[in-house]
Amino acid sequence: MSEDRPTLPPVRLPSEAELARDALAAPLMSRAVRLARWAGPGTRVGAGGELVDEQLPDAARELGLETDEDGEAYASEAWRVAVDTGLVTVHDPEEAEGAGDGTGDEGAAEPGDLLPLVTGGAPQDVLALWLDGLETVCADAATPVVDDIDALVGEDGELDLSALDWDPEAEAEFLDSVLGNLYLLTVGEGGVDDTPVPLPALAASVVVPEDMGEPTDAVLEQVSEVMMRLDDQFRLLEPMGVVEYRPVDESLLVDDEDAGGAAEPVGDDEDVSRYGMVRLTPLGLYGIRSRLLEAGVDAPVVGELAGRDARALLTAAGRFPQAAARAETEAWLAVREPSEAARELLAAAKGTDEESPLRRLHCQQALALAGPAAEPAVREVLDDPELGGLARVWLAEQGAADVPVPPEEMVFWLAVDTIAAQLAADGDLSELQDLIEGLTGRHSGFFEQAWRVSHPATAEVLEAVGRLHRDKGLAKEARKAAFKARSRG
C-alpha cells in the first residue's frame, strides 16, 4: 500500500442486509420508490427530466404530502432521486410524441429497469441504488439556495450561474471535507462513537487551523457562517438516512442584516445542543466510507481481513488503534483453528524488514487472544533467534511450566526488538520512556552489550534511547553505543 494513501481507523458496520433495509426505509429513498411505481404514460416531465409543475400536486398526493406546505418540494426532490438512480426512465419529447405521450417540449416517464431490484435484488443491488441517490443529495447540498431565480436570468433568457459567485468544485470539496471529518470523529480511536457531534465543533474542524491557540474573532465568525451552511446541508442529508440531525435553534439566529443570518457565538454557559447536533447513522457510515474509498482514502471495515493471511493482519494491525486492532484480530481468529492460527501468526512475524518488529508485537498480542490452545505452536519456536524471546514471554504470561531460560544474546535482541516496535507504533511518549528505562535498567552494562546485537534496528534504537532516556548519563552511554553500532555496520 502506498505510504501517501491516508488510512483511517476501521469501522464496524452492520450486515449488508441490515444496511439495505435501512436504505429502503430512508424517507427520501422510500418516496423515490413510491413515485417510480406511480410513474406511467400520463406522467409529464420537463426537458431536464423533472416533473412539470402541474404534476407536482399529484406526486405530493401520492406520497401523502398534499397537506404539507413543502409537500410539492419533497415530491420534486424524491422524483429527482428516482430519475438519477434509474428507478424511473425518462423519455425526451421526441420519444414521448412517438409513443403518443407528452405535449410540446414535454417528455414522459415510466418505471425504470432498476425498479425491480428494490424487491427482487440482492442487498448489494439496493445499496448501489442508495449510493446513487446519495450522490444526488450531496450534489443538491453543495448547490446554493437561490431566493430570486429571476435575477439570474440573462437577456437571452438563460440562467447565468456566474452571477452566483459559486464554485461547484470547491463546494463539493467542502462538503466532502465536512463528511470526512464527521466520519473520523465518529469512528475515532476506540471504535464507533454514537455520541452526536456539536455543529460548532464540526464547523471548527474545517475552519480553525490545528496549530491555532485561541481562535480570533474573525475565525469565530467564520465558524458561525460555516455552521449555518452545514445546518442547511444536514437538513437535506437527513431524509436520505445519512445522519440524525438536531437543527440549530432558530431563536439563536441573528436577524441583524450585517450578521448575514449567522448564529450567535456559543457562550460558556449555553446548552451546546441548541447550536445543532449531528450523528452519522450506520447507513451514513457505510455511505461516507464508500465515498472515501472512491477518493483514494484507505477506510477499512472490521472483519474484512478475516479471509486474508496472517501477514496482512499483522501489517494492518500496526496501523490501527488498539481497540480496532483487537476487534480485527478477534474476527480473524474466529474463523481459524487456534493452533494452526498461531503457527500462521508466528511465521508471519518473522523477518528483518522495517515493519517486522511491529508485526512481532502484534503477533504477541494476537497470541494472547488465541489463549492456551496456541501453546504447542509457541513452543515450536523457542529456539528461533527472532521468535524465541517472544515465545518465552508469552509462555510466562500464560503461567506455563518449564519455560527455558533464554540465552543472553536472545535477551538483548528481544529488548532491541521491543523498543523498535514501540518506536514504530508511535505511542505515548512517557510510556515509551518508561519502557526504555525499564528494559535498559534490568542489566548492568546494558549499552556495552546492546551495540553488539545483530538486530537490523540496533543503531536506530540506541539513538532513540539517547534522545529519550531521562538519565543524562545513560543517554550519553546510549549515544556512544549507537556510534559503535553504526561503525560496526
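These numbers come from a predicted model, not from an experiment.

J.: Would you mind showing me how to read the overall build of the protein here?
T.: If you tally the helices and strands in the protein, you get 22 helices and 6 strands. Counting only residues that meet the buried cut, the protein has 42% of its 489 residues in that class. Sequence-distant contacts, at least 24 apart, represent 66% of the contacts inside the protein between residues at least 6 apart. Per element, the accessible surface of the protein, about 25200 Å² overall, is 48% carbon and sulfur.

J.: What exactly am I supposed to notice about the environment of A482 here?
T.: Here A482 is to be found in helix α22 (residues 472–488). Along the sequence, A482 and F447 sit 35 residues apart, while their C-alpha atoms lie 8.8 Å from each other. Contacts of A482, omitting those with residues within four sequence positions, involve A459, L462 and E463.

J.: Would you mind showing me how to read the packing of aromatic side chains here?
T.: For any pair of aromatic rings, geometry is given as the distance between the ring centres together with the angle between the planes. A complete count under the given rule lists 4 aromatic pairs for this structure. Seen from their ring centres, F412 and F446 are 5.4 Å apart, and the 40° between their planes marks the pair as tilted. With F412 in helix α18 (residues 408–425) and F446 in helix α20 (residues 446–450), this pair connects stretches of sequence that are 34 residues apart. The class for F412 is buried, based on a relative accessible area of 5%. The structure contains a cluster of three or more aromatic residues connected by ring pairs, namely F412, F446 and F447. The ring centre of F174 lies 3.8 Å from the NZ or CZ of R229, which sits over that ring.

J.: I would appreciate a short explanation of α18 in the present structure.
T.: Count 3.6 residues to each turn of an α-helix, and residues three or four apart come out pointing the same way. With 18 residues, α18 should cover 26 Å at 1.5 Å per step; its first-to-last C-alpha distance of 26 Å lies within 8% of that length. Residues of α18 that are buried: M410, F412, W413, A415, V416, D417, I419, A420 and A421. Each element contacted by the buried residues of α18 is listed here: α15 (356–370), α17 (388–397), α19 (429–440), α20 and α21 (458–468).

J.: I keep staring at the nonpolar core and nothing clicks. Help me out?
T.: If you look at soluble globular proteins, the nonpolar side chains tend to sit buried side by side. Counting 74 residues, the largest nonpolar core has L87, W130, Y183, F234 and L237 as the members making the most contacts within it. The element contributing the most residues to this core is helix α7 (residues 123–141), with 8 residues. Sequence-distant contacts of W130, defined by excluding residues within four places in its chain, comprise A23, A26, M29, M240, V242, L283, Y286 and G287. Counting residues in each nonpolar core, the second largest holds 31 residues, with A341, A348, L382 and L387 among its members.

J.: Quick question: what am I supposed to make of the packing of helix α1 (residues 16–25) against helix α11 (residues 282–294) here?
T.: Relative orientation and spacing of two packed helices are given, respectively, by the angle between their axes and the distance between those axes. Where α1 meets α11, the axes come as close as 9 Å, and the angle between the chain directions of the two elements is 100°. The orientation of α1 with respect to α11, classified from their angle, is roughly perpendicular. Here α1 contributes L19, D22 and A23 to the contact with α11, which in turn contributes P282, L283 and Y286. Here the contact of α1 with α11 is built from residues that sort into 5 nonpolar, no polar and 1 charged.

J.: Would you mind going over the sheet that holds strand β5 (residues 243–246) with me for this structure?
T.: Pairing between sheet strands relies on hydrogen bonds along the backbone, with the strands arranged either parallel or antiparallel. As summarised here, the arrangement of the 3 strands in space is β4-β6-β5, forming an open sheet in which the pairing is antiparallel. Here the strands that pair on one side only, and so sit at the sheet edges, are β4 (197–198) and β5. Pairing of β4 with strand β6 (residues 277–280), which is carried by 2 bridges, proceeds in the antiparallel orientation. By the bridge assignment, P198 is partnered in β6 with M277.

J.: Which parts of the structure should I look at to understand the pattern of salt bridges?
T.: Any two side chains of opposite charge can pair if their charged atoms end up close together. One pass over the structure, following the stated rule, counts 27 salt bridges. Close ionic contact of D58 with R61 constitutes a salt bridge, the shortest N to O distance being 2.7 Å. Pair noted here: D58 and R61 are both in helix α3 (residues 56–62), with a separation of 3 residues, about one helical turn. R61 gets classed as partly exposed once you look at its relative accessible area, which sits at 46%. Between R80 and D140 there is a salt bridge, and its shortest N-O distance comes to 2.7 Å. Here R80 is found in helix α4 (residues 71–85), whereas its partner D140 is found in helix α7, with 60 residues between them in sequence. Classification of R80 as partly exposed rests on a relative accessible area of 31%. Judged by its relative accessible area of 22%, D140 falls in the partly exposed class. Among the charged side chains, a salt-bridge network with shared partners connects K350, R360, D384, E386 and D417.

Rules behind the numbers
Residues numbered from 1 in each chain as written. Predicted model: local features only at pLDDT ≥ 70, side-chain atom pairs only at ≥ 80, totals over all residues. Heavy atoms only, no water. Helix = DSSP H or I, 4+ residues; strand = E, 2+ residues; numbered from the N terminus. Buried < 20%, exposed > 50% of the residue type's maximum accessible area, 1.4 Å probe, protein only. Contact = heavy atoms within 4.5 Å. Areas by Shrake-Rupley, 256 points an atom, 1.4 Å probe, with all protein chains shown as cover. Phe/Tyr/Trp six-rings, centres within 6.5 Å; stacked < 30°, edge-to-face > 60°. Lys NZ or Arg CZ within 6 Å of the ring centre and 35° of its normal. Expected span 1.5 Å × (residues − 1). Core = buried A, V, L, I, M, F, W, Y, C linked by side-chain atoms within 4.5 Å. Axes fitted to C-alpha atoms, helices over the stretch in contact; angles between N-to-C directions. Parallel < 35°, antiparallel > 145°, perpendicular 65-115°, else oblique. Nonpolar A, V, L, I, M, F, W, Y, C, P; charged D, E, K, R; others polar. Pairing = 2+ DSSP bridges. Salt bridge = Lys/Arg side-chain N within 4 Å of Asp/Glu carboxyl O.

That is the geometry; function is a separate question.
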